[in-house]
Amino acid sequence: MTDVVDHSGEAFGRRRQSLMPRDGDGMTLGPNIRRMSKFDMPRASVQYGMSGRRMSQFSRSSISGASFGLKDFKVPVQYQNTYRLGPNSSDRFQPSKAQKVMMEVLESYLGGEKYSTEICGNIVQQISDVIKGRVKDLGFSQRYKFVCVVTIGQVRQQGVAVCSRSVWNTETDNFATASYKSGDIFAVANIFATYFE
């Protein structure tokens, strides 16, 4: 290697390794360490390695299925469209069955209870979830989506009207309602069944 001469006329040879301490310091930690120069030592490339050749990302064994586990791979089953626009007669929502279940749930939760804003505020969500779960267990079509609304209030000789409005298919969609009254507490439960394709 030839020496390089700078403008002042002094010759300097190869550069020293950058991780070595500066002359006269003798310390290898702290601010005396300089960063590594890319010209001093060959660095291993992430992509090409020390040999300069690009490493393969896939081995022959991985293509054959040894490392991907293709033996356990299962193709998902694709079902053909049934082109069914409504539920079967046996799977259709039946309001009478749902109403019976709703009355049983209301009586079991509210039987012998007195009206309290704290208790009724916490129990109304629980009653709604239980009614929805038990109606789903009746075996109607799985394409039905259920919405359950429960209203609980105190009896004080007042008139209360609970009403609902919806736009749906009258041939497939339906609803059921049940009301309960005992002592100074009343409850009205509505469940709406809408059929989805």
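So, here is what we can say about the structure in this document. None of the values given here were measured: they were computed from a predicted structure.

## Observations regarding the overall build of the protein
Secondary structure assignment for the protein yields three helices and five strands. Start at the N end of the protein and walk to the C end: the helices and strands fall as β-β-α-α-α-β-β-β. Relative to its 197 residues, the protein shows a buried fraction of 23%. For the protein, the proportion of contacts with a sequence separation of at least 24, taken over those separated by at least 6, is 64%. When the accessible surface of the protein is totalled, it reaches about 15,700 Å², and 52% of it is carbon and sulfur.

## Regarding the environment of glutamine 126
Along the polypeptide, glutamine 126 turns up in helix H3 (residues 117-136). According to the relative accessible area criterion, glutamine 126 is partly exposed, its value standing at 42%. Distance from glutamine 126 to tyrosine 109, taken between C-alpha atoms, is 9.5 Å for residues 17 residues apart in sequence.

## Let's talk about the environment of lysine 100
For lysine 100, the position within the fold is in helix H2 (residues 95-110). On a C-alpha basis, the gap between lysine 100 and alanine 176 in space is 9.6 Å, while along the polypeptide they are 76 residues apart.

## Thoughts on the nonpolar core
Within the largest apolar cluster, 27 residues are counted, with the highest numbers of intra-cluster contacts made by Phe93, Ile127, Ile131, Val135, Ile152 and Ile191. In this structure, isoleucine 191 is in contact with Phe93, Ala98, Met102, Ile131, Lys132, Val135, Phe146, Val147, Cys148, Asn174, Phe175 and Ala176, ignoring residues within four places of it in sequence.

## Details of the sheet that holds strand E4 (residues 174-182)
Through backbone hydrogen bonds, the strands of a sheet pair up, either in parallel or in antiparallel fashion. Spatially, the three strands line up as an open sheet ordered E3-E5-E4, and their pairing is antiparallel. Looking at strand neighbours, the two that pair on one side only are strand E3 (144-154) and E4, the edges of this open sheet. Taken pair by pair, the neighbouring strands of this sheet meet at an average axis angle of 10°, ignoring direction. In the sheet, E4 pairs with strand E5 (residues 185-195) via nine bridges, with the strands oriented antiparallel. Bridged to serine 182 within E5 is isoleucine 185. Along the sheet, H2 makes contact with E3, E4 and E5, crossing E4 at roughly 30°. The strands touched by H3 are E3 and E5; relative to E3, the strand with the most contacts, the crossing angle is about 150°.

## Thoughts on the pattern of salt bridges
Using the criterion set out here, one finds one salt bridge in the structure. Among the salt bridges present, the one from arginine 134 reaches glutamate 104, with a minimum N-O distance of 3.0 Å. Placement of arginine 134 in helix H3 and of glutamate 104 in helix H2 is noted, with a sequence separation of 30 residues between them. Taking relative accessible area as the criterion, arginine 134 reaches 36% and is therefore assigned partly exposed. Using a relative accessible area of 37% as the deciding quantity, one classes glutamate 104 as partly exposed.

## Things to note about the pairing of E5
On any regular strand, side chains alternate: one points to one face of the sheet, the next to the other face. Counting buried positions along E5 gives 10 out of 11 residues, so the element sits mostly inside the fold. Across 11 bridges, the pairing between E3 and E5 is antiparallel. Bridge pairing links tyrosine 144 to tyrosine 195 in E5. In this structure, the hairpin formed by E4 and E5 is closed by a connection of two residues, where glycine 183 is found at a positive phi of approximately 65°.

What counts, and at which threshold
- Residues numbered from 1 in each chain as written.
- Predicted model: local features only at pLDDT ≥ 70, side-chain atom pairs only at ≥ 80, totals over all residues.
- Heavy atoms only, no water.
- Helix = DSSP H or I, 4+ residues; strand = E, 2+ residues; numbered from the N terminus.
- Buried < 20%, exposed > 50% of the residue type's maximum accessible area, 1.4 Å probe, protein only.
- Contact = heavy atoms within 4.5 Å.
- Areas by Shrake-Rupley, 256 points an atom, 1.4 Å probe, with all protein chains shown as cover.
- Core = buried A, V, L, I, M, F, W, Y, C linked by side-chain atoms within 4.5 Å.
- Pairing = 2+ DSSP bridges.
- Axes fitted to C-alpha atoms, helices over the stretch in contact; angles between N-to-C directions.
- Salt bridge = Lys/Arg side-chain N within 4 Å of Asp/Glu carboxyl O.

Distances and angles like these do not, on their own, reveal function.
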